[in-house]
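# Structure at a glance
So you can see what is in the structure, the chains are spelled out below.
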Amino acid sequence: MKYRLLDSCGSDRLILVFAGWGMDAGVFAHLRHDGYDVAVVWDYRDFGIDWSVLDRYGEICVVAWSLGVYAASMACHGIENRITLRIAVNGTPWPVHDSLGIPEAVYSGTAANLDERRLAKFFRRMCGDKESYAHFCERIPQRAAAELADELNAIWPQPVLANPQIHRWDRAYIGRADAIFPAVNQQRAWESAGVPVIALDAPHYIDLQRIIDHAVIHKDLAARRFGEHRRSYEKHARVQRRVVDALDSSIRQHRIDEHLAVSGHAVLEIGCGTGMLTRRLLEYLEPKSLHLWDIAPDAFTVPGATFRACDAELAMTRTLPERFDAIISASTVQWFNSPRRFMAECGRVLRPGGWLVLSAFARGNLEEVAQATGRSLPLLPAEEWRSMLPAGFEVIEFTCNTAELVFDSPVEVFRHLQLTGVNGLGGYSGAALRRAIAAYPMRLDGRYYLTYKPFILIARKKR
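Owing to the predicted nature of the structure, the values given are computational and were not obtained by experimental measurement.

## A closer look at the sheet that holds strand 7 (residues 197-200)
- Judged by pairing direction, the sheet is mixed, and its seven strands sit side by side in the order 1-3-2-4-5-6-7 without closing on themselves. Strands with a single pairing partner mark the edges of an open sheet, and in this sheet they are strand 1 (2-7) and strand 7. For this sheet, the mean inter-axis angle between neighbouring strands, taken without regard to orientation, is 20°.
- Here six bridges tie strand 4 (residues 59-65) to strand 5 (residues 83-89), and the two strands are oriented parallel to one another. When the sheet's bridge partners are listed, Ile60 is paired in strand 5 with Ile83.
- Of the strands in this sheet, strand 2 (13-18), strand 4, strand 5, strand 6 (171-175) and strand 7 are in contact with helix 7 (residues 208-215), which crosses strand 5 at around 145°.

## Looking at unusual backbone geometry
- Here Asp43, not a glycine, exhibits a phi torsion of approximately 70°, which is positive.
- Judged by its relative accessible area of 5%, Asp43 falls in the buried class.
- A positive phi angle, near 55°, is found at Ser331, a position not held by glycine.
- Along the chain, Ser331 falls in the loop between strand 11 (324-330) and helix 14 (339-349).
- Owing to a relative accessible area of 12%, Ser331 belongs among the buried residues under this scheme.

## Examining the packing of helix 2 (residues 104-112) against helix 5 (residues 145-155)
- Contact geometry of helix 2 with helix 5 gives a least axis separation of 8 Å together with a crossing angle of 140°. For the element pair helix 2 / helix 5, the angle class is oblique. Here helix 2 and helix 5 pass one another in a crossing that is left-handed. In this structure, helix 2 uses Tyr107, Thr110 and Ala111 to contact helix 5, whose residues at the interface are Ala149, Leu152, Asn153 and Ile155.
- Among the residues forming the contact of helix 2 with helix 5, the class breakdown is five nonpolar, two polar and no charged.

The rules we used
Sequence order as written defines residue numbering, which begins from 1 separately in each chain. Residues qualify for local features only when their pLDDT is at least 70, as the model is predicted, and side-chain atom pairs are given and counted only at 80 or more; totals for whole chains, interfaces and linings, by contrast, use all residues. With hydrogens and water stripped out, all remaining heavy atoms of the structure feed into the side-chain values. The criterion for strand pairing is that DSSP finds at least two bridges linking the strands in question. Secondary structure elements are defined from DSSP: runs of H or I of at least 4 residues count as helices, runs of E of at least 2 residues count as strands, and each element is numbered from the N terminus. Orientation is described by axes fitted as lines to C-alpha atoms, over the contacting stretch for helices, and by angles from 0 to 180 degrees between their N-to-C directions. Contacts were defined at the residue level, with two residues in contact if any of their heavy atoms lie within 4.5 Å. Between buried and exposed lies partly exposed: a residue is buried under 20% and exposed over 50% of the maximum accessible area for its type, with that area taken using a 1.4 Å probe on protein chains only. The cut-offs work like this: below 35 degrees is roughly parallel, past 145 is roughly antiparallel, 65 to 115 is roughly perpendicular, and the gaps in between are oblique. Should the near helix be turned anticlockwise from the far one by less than a right angle, the crossing is left-handed, and should it be turned clockwise, the crossing is right-handed. Amino acid classes used here: Ala, Val, Leu, Ile, Met, Phe, Trp, Tyr, Cys and Pro are nonpolar; Asp, Glu, Lys and Arg are charged; the rest, including Gly, are polar.

Put into structure tokens, the structure is as follows:
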């Protein structure tokens, strides 16, 4: 494989794009995402690569397109412990398969008869329409047909590398008009693998920038916005305060407080923030029992407690097994790139009999903002969080709620978002803010609502 860094902002986070068959770096040179460097790998005549080129990155988000899905499944073993998010786009881990990938006859026919004319025909089918094809031709890969035939033959029928596949994928995007990887085959493949699917009205050649913007959380921006508005957060974060009240009530109702009050327990709070929940925990926990993690270095701390400024999603992967008796978090984990991996890590890090106590926000949260701006966080349905619990957990409580705040104008809504820092999509200003205000939906009562979708999940790891 070949590797090229496309864009660098000096971040220790990387979006690693696995290109499709026949591509080179030029096809993806336009890709950007705030807070992340962006790199691409291509040319699958072999899957060998020196991953030391990525040593500087603490977090890697993989976005794999077409045959790049198979390549990423085979080649990422050397960086697996730093990958938080794995997105598949118009491809499957079964590249040549009559019901799960590209049909064998189509694949073998392409490899056997490839020349420059047939390659141009393939690119036109890949793009789907004249406009997309014209766009693609502006950055068409500079590779010879003979080389691309070698690439196809290296992948099938004999894989170039006998590594086992990595089957952990967070999400799959499928273009309904894909004329290369049949959409029905993709749907069947991902359903069999238990991977959530998002269908798009798109051909095989798809807008990866759009997918990256939707799927990859801008963590540094979220941390910065919370930090800028720490002093105003508790006054204005009314829903988050209610969530903490409910979480505290549930902890006491299930007598988790009594269990954890026993000396010697280790309790991890993820996202201690301004200390809204931490102060409740201190009513029954000694400070020395508490381990407080937050991405902001100036978050709430307690004398005697252990505070760590870190990206908790990554820190979990580097924590010893069975380290904690409880993992507790309020209104934080929806900011993680891969909730699926986080939940698996909770199963590894909790001791037998340990408690997982979470509140977060589910799909539909701030839906009016999404309607007005066309932008939303990649939140999961609440039930999907429950389904991601590792084997060996007993669900103690799972509750979903809807909370609405009411404002007299859209300006007040966006002011509220600014004062709480709850919307990690970036600030709104100038023309974009005016458009959002004009598009913000008004209810029949003449007022403007902001809808929150919190849920609480409490589970216990069996002994």
